[in-house]
Amino acid sequence: MNINLTLIGQTITFFVFVWFCAKFVWPALIGVMQEREKKIADGLQAAERADKDLELAHKKAGEQLREAKEQAAEIIEQANKRATQIVDEAKDQAKAEADRLITAAKAEIEQEANRAKEELRGSVATLAIAGAEKILEQEIDPKSHNDLVSKLASQL
Amino acid sequence: MAGGQTSTEYIQHHLQNWTYGKLPVGYTRYDGTVLTEATWTSAHTAQEAKDMGFHAVHVDTLGWSIFLGALFIFIFSRIAKKATSDTPKGLQSFVELVVSFVDSTVKDTFHYRNRMIAPMGLTIFCWVFLMNFMDLIPVDWIPYFVANAVVGDSHFFFKVVPTTDPNATLGMAVGVFILMIFFSVQQKGLIGFIKELTFHPFSPPTKGAFIVLAPLMITINFILEFVSLSAKPISLGLRLFGNLYAGEMIFILIALMFGAGFVFGLFGGVLQWGWAVFHILVITLQAFVFMVLTTVYMAMAHDNHDEH
């Protein structure tokens, strides 16, 4: 319990340890801790930013989906319209073709009938002359009576 | 309890440091031999240690305090060297816990820019804690082992708790005191420091008829301030010493019971355990108090009264 040189020795030891700690131990540890603090702060900030980005992306994706749906609906509508148009066009064409065919057939029939009539007219003149010959039982000069017979035939 | 001792001898033996010092010429030693010249040697009795006076060293106190301080420095600097700012693991988390605890405590009391104070707080806290911690090791273990197995002299003095030696605690307090004066002079200049000691708390009149009273007031101020200044390191050192000395004394008294039969021994064991548990609080608290008071004194050294 006597006070002696130990006191001075302890004081010197004290200074040596404090100096060593201040020089080598403390700055390294505090530096590491501050660095980690900064890292954590940065990480939290990044997470917050990512959250915001995610929200934004969600919004964007929804918008794009809606747009795509709208476009699809439009395309379908257009396709439907076009289909109707094509069917209508086909109908019109078919009708026109049918009309054309009918007209052509009618014209042919008329032509055929006219030809038959001409033929008939020719035959009627011959027949009438033959009949009149028989009735008169005499030879009639075909040349002199031809006009008469023709007039008769045209009245048929 | 070593064989053949009385309780008083046992206690006195436990309170004596291993003292290595100089004995004067013509000194009669414990075995009757008279020294023919001044000799440096280990004291063999308490009386010899006392007669060595100031020219002696407590080898056990210095040895243990240097060993424990080196242990602290070794562990912390090893961790500091390997420390990464990634997820801390194992010992690094513990070290960082201590460092951030000290850092926040120092920041609470010390508001100036000085990169010396926080590391000093850490050193004091850990070092004093480790030295106090030696108190929890049963009082006979290490001294008995050293005396009988290492030195081979059962009468060998050996104390393991440096902070129960006033030399150690006052030595640290003197270190703190030197720093206090150093920072005071550094911050306020030598004139400012002297003014702080002489112009407070009663500011002497600088003009008028009462100027004749100025020397008297300066003297009174100086006496007051000097006492309060020198009381700081003494109270700082003696507080730690007193707490640990009392704690160790109780451990020694409990240890006396181990030699007094089975029932007393068992009772002593229970007491020893209880006191050790309580002492965990004391040693931590005293280390903390020493650190906080050092920081407060440093803050006072940086305070400039002239600015008010």
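Residues numbered from 1 in each chain as written. Chains lettered and ligands numbered in written order. Predicted model: local features only at pLDDT ≥ 70, side-chain atom pairs only at ≥ 80, totals over all residues. Heavy atoms only, no water.

Chemist: I tried to follow the overall build of chain B on my own but got confused; where do I start?
Modeler: Assigned secondary structure in chain B consists of 9 helices and 3 strands. What you see in chain B, going N to C, is helices and strands ordered as α-β-β-α-β-α-α-α-α-α-α-α. When its C-alpha atoms are laid out on the principal axes, chain B stretches across 75 × 65 × 40 Å. Every one of the 308 residues in chain B was classed for burial, and the buried ones make up 45%. For chain B, the proportion of contacts with a sequence separation of at least 24, taken over those separated by at least 6, is 69%. Accessible surface, chain B as shown: approximately 15700 Å² in total, 70% of it carbon and sulfur. (Helix = DSSP H or I, 4+ residues; strand = E, 2+ residues; numbered from the N terminus. Buried < 20%, exposed > 50% of the residue type's maximum accessible area, 1.4 Å probe, protein only. Contact = heavy atoms within 4.5 Å. Areas by Shrake-Rupley, 256 points an atom, 1.4 Å probe, with all protein chains shown as cover.)

Chemist: Looking at this model, I keep getting lost on the interface of chain A and chain B. Mind explaining?
Modeler: You'll often see interface size given as the accessible area lost when the parts meet. Contacts between chain A and chain B engage 30 residues on the former and 57 residues on the latter. Counting the contacts that link chain A with chain B gives 2 salt bridges. In this assembly, chain A and chain B are joined by 15 residue pairs in polar contact (both at pLDDT 80 or more). By residue class, the composition of the side of chain A that touches chain B is 20 nonpolar, 7 polar and 3 charged. (Salt bridge = Lys/Arg side-chain N within 4 Å of Asp/Glu carboxyl O. Polar contact = N/O pair within 3.5 Å; in protein donor to acceptor, adjacent residues only side chain to side chain. Nonpolar A, V, L, I, M, F, W, Y, C, P; charged D, E, K, R; others polar.)

Chemist: Would you mind showing me how to read the UniProt feature "transmembrane region" (unreviewed entry) in chain B here?
Modeler: All names here are of chain B. Sites flagged by UniProt as "transmembrane region" (unreviewed entry) map to residues 62-80, 117-135, 170-189, 209-229, 250-271 and 277-300. Split by type, residues 170-189 is 100% helix and 0% strand. Its first and last C-alpha atoms lie 27 Å apart. Within residues 277-300, the helical portion is 100% and the strand portion 0%, while the C-alpha atoms at the span's ends are 35 Å from each other. (UniProt positions renumbered as here; feature names shortened; annotations may be inferred.)

Chemist: For this particular structure, what's the right way to read the UniProt feature "coiled-coil region" (unreviewed entry) in chain A?
Modeler: As annotated by UniProt and renumbered to match this structure, "coiled-coil region" (unreviewed entry) occupies residues 51-126 of chain A. The span residues 51-126 of chain A carries 100% helix and 0% strand; its end-to-end C-alpha distance comes to 113 Å.

Chemist: Where do I start with the UniProt feature "transmembrane region" (unreviewed entry) in chain A in this structure?
Modeler: What UniProt calls "transmembrane region" (unreviewed entry) maps, in this numbering, to residues 12-32 of chain A. The annotated region residues 12-32 of chain A carries 100% helix and 0% strand content, and the separation between its end C-alpha atoms amounts to 30 Å.

Chemist: I keep staring at the packing of helix α1 (residues 6-136) of chain A against helix α3 (residues 59-82) of chain B and nothing clicks. Help me out?
Modeler: Two numbers describe a pair of packed helices, the interaxial angle and the distance between the axes. Close contact between α1(A) and α3(B) brings their axes to 10 Å; oriented N to C, the two are set at 5 degrees. With respect to their mutual orientation, α1(A) and α3(B) come out roughly parallel. Across the interface between the two elements, A:Thr6, A:Gly9, A:Gln10, A:Thr13, A:Phe17, A:Phe20, A:Cys21, A:Phe24, A:Val25, A:Ala28 and A:Leu29 of α1(A) pack against B:Thr61, B:Leu62, B:Ser65, B:Ile66, B:Gly69, B:Ala70, B:Phe72, B:Ile73, B:Phe76, B:Ser77, B:Ile79 and B:Ala80 of α3(B). Here the residues of the contact of α1(A) with α3(B) sort into 15 nonpolar, 8 polar and no charged. (Axes fitted to C-alpha atoms, helices over the stretch in contact; angles between N-to-C directions. Parallel < 35°, antiparallel > 145°, perpendicular 65-115°, else oblique.)

Chemist: Help me understand the sheet that holds strand β1 (residues 19-23) of chain B in this model?
Modeler: Paired through their backbone hydrogen bonds, the strands of a sheet run either parallel or antiparallel. Residues and elements named next belong to chain B. Pairing in this open sheet of 3 strands is antiparallel, and the strands run β2-β1-β3 from one edge to the other. Edge positions in the open sheet fall to β2 (39-42) and β3 (56-58), since each of these has one partner strand only. Ignoring strand direction, the axes of neighbouring strands in this sheet form an average angle of 15 degrees. With 3 bridges joining them, β1 and β3 adopt antiparallel strand pairing. Bridging from a neighbouring strand, Gly-21 pairs with Ala-56 of β3. (Pairing = 2+ DSSP bridges.)

Chemist: Explanation requested: the nonpolar core in the structure shown.
Modeler: Within soluble globular proteins, side chains that are nonpolar generally end up buried alongside one another. A:Phe14, B:Phe76, B:Val99, B:Leu122 and B:Met298 are the most contacted members of the largest nonpolar core, which totals 75 residues. The residues touching B:Phe76, leaving out its near neighbours within four places in the chain, are A:Val25, A:Leu29, B:Val95, B:Val98, B:Val99, B:Leu122 and B:Cys126. Ranked by size, the runner-up nonpolar core spans 7 residues in total, among them B:Leu23, B:Tyr27, B:Ala49 and B:Ala56. (Core = buried A, V, L, I, M, F, W, Y, C linked by side-chain atoms within 4.5 Å.)

Chemist: When you look at a nonpolar patch on the surface in this model, what are you seeing that I'm missing?
Modeler: Among the surface-exposed residues, B:Phe202, B:Phe210, B:Ile211, B:Val212, B:Leu213, B:Leu216, B:Ile220 and B:Leu224 lie close enough to one another that they form a single nonpolar patch of about 760 Å² accessible area. The topology assignment puts B:Leu216 in helix α8 (residues 214-257). (Patch = residues over 30% accessible without salt bridge, like charges linked within 9 Å, V, L, I, M, F, W, Y side chains within 5 Å.)

Chemist: Explanation requested: the environment of B:Thr105 in the structure shown.
Modeler: Residue and element names in this part refer to chain B. Looking at where Thr-105 falls in the secondary structure, it is placed in helix α4 (residues 91-109). With relative accessibility at 14%, the residue Thr-105 sits in the buried group. Distance from Thr-105 to Asn-304, taken between C-alpha atoms, is 22 Å for residues 199 residues apart in sequence. Dropping the residues within four chain positions of it, Thr-105 is found in contact with Phe-288, Met-291 and Val-292.

Chemist: How should I be thinking about the pattern of salt bridges in this particular structure?
Modeler: For side chains bearing opposite charge, pairing can occur when the charged atoms are close. Residue and element names in this part refer to chain A. Applying the stated criterion to the full structure yields 10 salt bridges over all chains. Among the ionic pairs, Arg-115 bridges to Glu-112, the shortest N-O distance being 2.8 Å. Residue Arg-115 and its partner Glu-112 are located together in helix α1, separated by 3 residues, close to a single helical turn. With a closest N to O distance of 2.6 Å, Glu-118 and Arg-121 form a salt bridge. With Glu-118 and Arg-121 both in helix α1 and 3 residues apart, the pair spans about one turn of that helix. For Arg-121, a relative accessible area of 35% corresponds to the partly exposed category.

Chemist: Explanation requested: the packing of helix α5 (residues 117-133) of chain B against helix α9 (residues 262-302) of chain B in the structure shown.
Modeler: All names here are of chain B. In contact at an axis separation of 8 Å, α5 and α9 are set at 155 degrees when each is read in the N-to-C sense. Taken together, the axis directions place α5 and α9 in an arrangement best described as roughly antiparallel. For the crossing formed where α5 meets α9, the hand is right-handed. Judged by residue contacts, Ile-117, Met-120, Gly-121, Ile-124, Phe-125, Val-128, Phe-129, Asn-132 and Phe-133 of α5 engage Ile-283, Thr-284, Gln-286, Ala-287, Phe-288, Phe-290, Met-291, Thr-294, Thr-295 and Met-298 from α9. (Left-handed = near helix turned anticlockwise from the far one by under 90°.)

Chemist: What exactly am I supposed to notice about the environment of B:Phe202 here?
Modeler: Residue and element names in this part refer to chain B. Position of Phe-202 relative to the elements: it lies in the loop between α7 (166-198) and α8. For the pair Phe-202 and Met-217, spaced 15 residues apart in sequence, the C-alpha separation works out to 6.8 Å. In contact with Phe-202, other than residues within four places in its own chain, are Met-217, Ile-220, Asn-221 and Leu-224.

Chemist: Help me understand the state of the cysteines, please; the structure alone is not making it clear to me.
Modeler: Put plainly, a disulfide is one covalent bond tying together the sulfur atoms of two cysteines. Under the definition given, this model contains 0 disulfides over all chains. A:Cys21 takes part in no disulfide bond, and the closest cysteine sulfur to it belongs to B:Cys126, at a distance of 7.7 Å. Given a relative accessible area of 9%, B:Cys126 falls into the buried group. (Disulfide = S-S within 2.5 Å.)

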